Every structure is written in C-alpha cells, then in structure tokens.
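Each chain, letter by letter, is given below.
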Amino acid sequence: MKPTRREFLQTGAIGTAYLIASHRIHADTNVPQVGEKSRVIVIRDKDLLNADETINKSVLEKMVDEGVKNLFQTATPEEAWKKIIKPEDIVGIKTNVGGPPRTPVELEDILKSRVISVGVPMDKVSVDDRGVGRNPIFQNSTALINTRPMRTHHWAGVGTLLKNYIIFSDNPPSWHADSCANLAGLWDMPIVKGKTRLNILVMITPLFHGKGPHHYNKEYTWNYQGLVMGIDPVACDATGLRILKAKRLQHFGSEQPFVVSPHHIQVAQDKYHLGNADENRIELVKLGWQEGFLI
Amino acid sequence: MSMVKLYKFLICFLLLVSCSTMNTSSNNCKKINFVFPGKVNQWNLVNPEPDRYNADTLFDYIDGNAEVYRSLGVKEVLAYRWTNPQQIEIWLDIFDMGNSSSAYGAYHNDIRDQEDIGIGVESECMNNSLAFWKDHYFVSITGMGDSPEIKQAVIELGKIIDQQIPNKGTPPQIVDLLPEKGLVKSNLHYFKDYNLFKVHYYITEENVLQLGKDTEGVLVRYNLPEQQEQMNVIVIRYPKKEATLLAEENLKNLLEKSKGLSEEEQAKLFGFESILIHSCENYLILITDWKQEEIANSYLNQIVQKIKK
C-alpha cells in the first residue's frame, strides 16, 4: 500500500527511508494578502542601446521619467519625483557595481540629478554599493532608492532588488543559507527599514543563465532594453523573474529550472510579508517597445 | 662532470620528475610561472604581471562567488586581462586550487553541458568562454563580447595554458564510487564543506551532516527515464567512522523529531521529499527525492559494494 505523505517508513532494506511533505515553500492561499495589488511598471525602448551597445542616456532619462510618472500616476515626472523625495531627505542611492552587468553609471547619474532637482542638497545624496557601511549619507539616510540589474546568481538563483541590500549586513555570507531564502529579512534592519521610496530593476541586458567564477557569459544576455519600476521590491523582482523564465524557455526550448532556486522572492511574500510575488497580486503596466516583451 | 656530480644531478632530476608526476593532495609541487606572448590574435596582454589574489583577498575580485573556491581550498588566483583595439576584454583567470580534487571541484561547481574541446582533463567551450581543469589548476577564460574572433582567441589562450601544465591529475577517488547507469555527468558536484554543499543542495538549515575541512563529498543527479525515476545521490567521506556515525545519527534524530510536526512545518524544515540513509565504513550515503524505494536501494547497494572492494 502506498504510504501517506505523513507516514514515515522504516524498511527492511539496508538504508533507512523517510518521506517528507512535498514542498518546502509553496504559494499558500491562506497567506494573508499584503495590502492591495502592487503596481509595477515595465518600460522598454528599442533605441536605448546604440549600435555599439552603449547606452543612449537621453533615452534612458525619458524612460525613468515616464516610468515614475506612470508609477505614481501623476501628470508630470516632476510631480512624481516630489512624491518620492522631499527636499529635507538624506538620500542613499543603492546601486550595484558587481556583475557584469552592473547598474549603468548613466542611470546612477540620472537618479542623482532627479533627487537634486527636488531640492535635496548635493551633499545630502550619495550613490554607493560596497561602501554603504561606512558612508555617512547611507548611515543617516531618511530615504533610499534601490537599483540593480537582474542577473542569474550562483547563491540566490537570481540577483534581485531584495538581495541588493545584503551589503548593509555586517556578515553577508550569513544570508546565503537555503539559496538565500531569507533575504527579505535584510529589509528589517534599522538602516533600511521603511526607507525605500523607489525600486528600479535594470533589465537592459539581463543575464538569464551564467557559469564560472564571474557567472557571466555574453551569449546568455539579450537586449531587452527595459526597466522594471515599483515601490514594492518583491513585485518588481517577481516580474523580472517572470521575464527571465520566459527568456530561458525561449532560449533552451523547454522549461529549465534555475541551477539555484530563486525562491527567496516567494519567501519574501509568504514568510516576511514584505510585498507581493504572486502574479495575481501585481498590477502590471507595460509601456514602450512591445516587441519581445515576453510577459 | 664527475660521477658524484652526475649522480647528484640525476637524483635531483628524478626528484623533480617524480614530484611533478605525482597526483598530490597538497600544494607542495609544481607551481608554474605562466608565460604568455604579448599578443594573441587581435588581443593584447594588458599587463604581463597578473593581479594576484589569495583565499583572503579573492572577495575583492569575484565578490560572493569567491566562497566556492575558498571552500575548496584555493591557494592563489592569477587574473590577466586582454584587450583588442575595440576595447573588448578577455578575462583570463588561473586558479591554483592546491590539488587536482579541488581543481575538479572548481570546474564541476557549474553544470557542464556544453562542448568538450579536449583542452585540459575536462573542458567546456561556449561561444565566448572556456573553462577547464588540469592537475591542480582550474582555468576560466571569458570574453566580454560575442564573436567568432573572441571564441578563437579564447581557445588559443586555453591551449597556451594547457601546454604549460605538464601533468594531468586525477578526479577525486570518491567519484569512482558512483554507479554509471543514469548518472547525469553535467550535474555532478564535488564539495568539501557545508558552505559549498548548501549551494547545490538543501538538506536542512543546520549543518547536521557535520561537513567541514576534513570531509569530502559528491552530489550527483541520476535520470532513469525507462524506470521513470530521477533522484540525487550524495556520498560523503569522513575522516573516521565515528564521525560518519555521528552525522548519520544527527540526521536520523532530526527526522524522528520532526514526526510530531505538521506537514507544512516538515516541508519547511527539509529540502527533500524522500531520503534513504546509510553509512558504510567512513562513508555516509544519502539518496534523495526518489519515488521508487527499491531503485534507490539498488543504487545504495552498488555504492556499498564499491566501498567494500
């Protein structure tokens, strides 16, 4: 007779056998809803990359402005930026210089200039990655803007907005267990808790598969030329993950599981209630270049 | 040359040769001073002196991924940069892993499902990158663009390194314990401590298997389509039988204790759906995620037979 899921077996064979319930973490309809749906903007532009694959900064500027305008549903980008940042804020722009690919410096410049345009003094805004732990702006920040590229990752399955705050921890490797499942816990650290006003997941040339010490192969990138923007980092990451999964299906011809499971995004919803990962909890707005949107 | 000098020379020569041909388990033999031409195809060597990193400084170079190589005992990494007139770089990294088992482990940390072009002991070549291992070296060459010219240069650089490593080295002996049938060679991972093991497989949150500096293990996927079975096999060698028994007991105790938990709690605690546990001498064998216990047991028996040989 087939054993039930709860039944433990002690067999006559030489090995001792045990059966365990089927999924470690799973979408559970009983998990409380995290507020309303999360609004996520995916904006793309076919002219973002020049022929030599450098970034056309003016196109990127338009994308950022159009993105925040639609995210905050304002008449102009300026109004949106005033909702994001106040003149009295001390603003850390958390970037990511790892990779490749890294957060484009053009995007860092644009974000910094927009923060300053709201009235924040130049000496009250800083762009940093690995130095945040000793950067006085980040140490005293009242607002954070979180931006990084999406790429597959050898510890976490995918490098995400959630993961971008790991450097705020005194001991980053301590977050690596179970494919970095508990990364959302980083967002409870006092230095970041409740401060993030905008998340931008960079999907200009996303990495959908990787190998080797640098976890990078150019052939596993493509010119998606998009940004995923939102207030909810979980929803942005979940949307980015859907795009990567769709690309992997297209490239490999069949569904290929990630070498390391990126379940930290789902855990962020189900365990930490940081945001929404389930597709039906996300209000997706698709702007700009529609060809090859994948989702 | 007098006979005494001749004998001395011969002894020194033989010592050198024997040292260089041994499959060593430590980094006490040949440390090669790699030499490169200034130009390979269109790519120029930026600096003949590479950037050098050790286990403590490797994080500065490859960030989080450094843990993989530190976990396997990396001794030194030589990082060279090549660039062409269009400023497209090739990154060439030579990892001295200290012994061939660790070099094998560094190579097999990634899934290796692409073309082997016969460089080193095992190699994988893609459009713009090449990885291989040979003796106590793991080599990774990555072009930052994507073109036939880059691929050609990457392969040329690989050959230049390959030719300078005289010995082949051998895979870790623990790999020989694995049954052949259904073994997915591309999904075979060698590990030493818990840090690396947990990247590839999740047993439970704590290091109940007591993996550490004195252990080594192999994790591999088996695919048996005819029998509609897929499973994972984990074999771990401990320094002593007592340590093996302790790890076995730890895991079994945890599983016994979990009997009182709800299904959801159990599922959160463990990273597998089914497991077969057995120790033999100083080896612990785990077969996980099987659907048909008799197949898992048959594989377990085969491994036990090989250990006892």
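A.B. asks: Tell me about the overall build of chain B, residues and numbers included.
C.D. replies: For chain B, the helix and strand inventory stands at nine helices and 13 strands. Counting only residues that meet the buried cut, chain B has 54% of its 309 residues in that class. Considering only residue pairs separated by 6 or more positions, chain B has 65% of its internal contacts joining residues 24 or more positions apart. Summing over all exposed atoms, chain B offers an accessible surface of approximately 14,200 Å²; the carbon and sulfur share of this is 50%.

A.B. asks: I'd like to hear about the packing of helix α1 (residues 57-72) of chain A against helix α2 (residues 77-84) of chain A, residue by residue, with values.
C.D. replies: Residues and elements named next belong to chain A. Interaxial distance between α1 and α2 falls to 8 Å at its minimum, and their mutual angle equals 65 degrees. Between α1 and α2, the angle falls in the class roughly perpendicular. Handedness of the crossing formed by α1 with α2: left-handed. Residues Val64, Asp65, Val68, Lys69 and Phe72 of α1 form the contact with α2, whose own contacting residues are Pro77, Ala80, Trp81, Lys83 and Ile84. Taken together, the residues of the contact of α1 with α2 break down into seven nonpolar, no polar and three charged.

A.B. asks: How would you summarise the interface of chain B and chain A if you had to cite specific residues and measurements?
C.D. replies: Taken together, the contact between chain B and chain A spans 59 residues of the former and 41 residues of the latter. Between chain B and chain A the total buried area reaches about 4,300 Å² when both faces are included, carbon and sulfur atoms providing 56% of it. Measuring nitrogen to oxygen at the nearest pair gives 2.9 Å for the salt bridge that ties Asp113(B) to Lys211(A). Where chain B meets chain A, there are 14 residue pairs in polar contact (both at pLDDT 80 or more). Per-class residue counts for the side of chain B that touches chain A are 23 nonpolar, 19 polar and 17 charged. Where strand β1 (residues 16-19) of chain A meets strand β12 (residues 274-280) of chain B, four bridges bridge the pair, whose relative direction is antiparallel. Within β12(B), the residue paired with Tyr18(A) across the bridge is Ile275(B).

A.B. asks: Lay out the pattern of salt bridges with the relevant residues and their values.
C.D. replies: Residue and element names in this part refer to chain B. Going through the model one piece at a time under the given rule, you end up with 23 salt bridges over all chains. Taking the shortest distance from any N to any O, the salt bridge between glutamate 248 and lysine 252 comes out at 3.1 Å. You can see glutamate 248 and its partner lysine 252 sitting in helix α7 (residues 241-257), four residues apart, about one turn around the helix. Exposure remark for glutamate 248: the relative accessible area of 10% places this residue in the buried category.

A.B. asks: Kindly report on the packing of aromatic side chains, identifying the contributing residues and their values.
C.D. replies: To describe a pair of aromatic rings, you give the distance between the ring centres and the angle between the ring planes. All names here are of chain A. Taken as a whole and judged by the stated rule, the model has 22 aromatic pairs over all chains. Geometrically, the ring pair formed by tyrosine 165 and phenylalanine 168 is edge-to-face, given 5.2 Å between the ring centres and 85 degrees between the ring planes. Among the residues examined, tyrosine 165 registers a relative accessible area of 0% and is labelled buried. We classify phenylalanine 168 as buried; its relative accessible area is 9%.

A.B. asks: Lay out the pairing of strand β6 (residues 122-125) of chain B in plain terms, naming residues and giving numbers.
C.D. replies: All names here are of chain B. Direction of pairing for β6 relative to strand β7 (residues 129-134): antiparallel, over a ladder of four bridges. Each bridged residue has a counterpart across the sheet, and for serine 123 the counterpart in β7 is phenylalanine 132. Taking the residues between adjacent antiparallel strands as the criterion, β6 and β7 are bridged by three residues.

A.B. asks: Residue-level account of unusual backbone geometry, with values.
C.D. replies: Residues and elements named next belong to chain B. Positive phi, normally seen in glycine, also occurs at glutamine 228, with a value near 50 degrees. Relative to the helices and strands, glutamine 228 is located in the loop between β10 (216-224) and β11 (229-237). You will see that aspartate 289, though not glycine, has its phi angle at about 60 degrees, which is positive.

A.B. asks: If you had to explain helix α4 (residues 100-107) of chain B to someone new, which residues and values would you point to?
C.D. replies: Residues and elements named next belong to chain B. With eight of its eight residues buried, α4 lies for the most part within the structure. Contacts made by the buried residues of α4 are with α3 (66-71), β6, β7, β8 (137-143) and β9 (183-191). Of the residues that open α4, the one with a side-chain oxygen 3.1 Å from the backbone nitrogen of serine 101 is asparagine 99.

A.B. asks: If you had to explain the confidence of the model for chain B to someone new, which residues and values would you point to?
C.D. replies: Scored by pLDDT, chain B has a mean of 89; 90% of the residues are at 70 or more. Within the model, the stretch residues 9-28 of chain B combines pLDDT values under 50 with 21 contacts to residues more than four positions away or in other chains.

Conventions and cut-offs
Residues numbered from 1 in each chain as written. Chains lettered and ligands numbered in written order. Predicted model: local features only at pLDDT ≥ 70, side-chain atom pairs only at ≥ 80, totals over all residues. Heavy atoms only, no water. Helix = DSSP H or I, 4+ residues; strand = E, 2+ residues; numbered from the N terminus. Buried < 20%, exposed > 50% of the residue type's maximum accessible area, 1.4 Å probe, protein only. Contact = heavy atoms within 4.5 Å. Areas by Shrake-Rupley, 256 points an atom, 1.4 Å probe, with all protein chains shown as cover. Axes fitted to C-alpha atoms, helices over the stretch in contact; angles between N-to-C directions. Parallel < 35°, antiparallel > 145°, perpendicular 65-115°, else oblique. Left-handed = near helix turned anticlockwise from the far one by under 90°. Nonpolar A, V, L, I, M, F, W, Y, C, P; charged D, E, K, R; others polar. Buried area = accessible area lost by both parts, 1.4 Å probe. Salt bridge = Lys/Arg side-chain N within 4 Å of Asp/Glu carboxyl O. Polar contact = N/O pair within 3.5 Å; in protein donor to acceptor, adjacent residues only side chain to side chain. Pairing = 2+ DSSP bridges. Phe/Tyr/Trp six-rings, centres within 6.5 Å; stacked < 30°, edge-to-face > 60°. pLDDT = per-residue confidence, 0-100.

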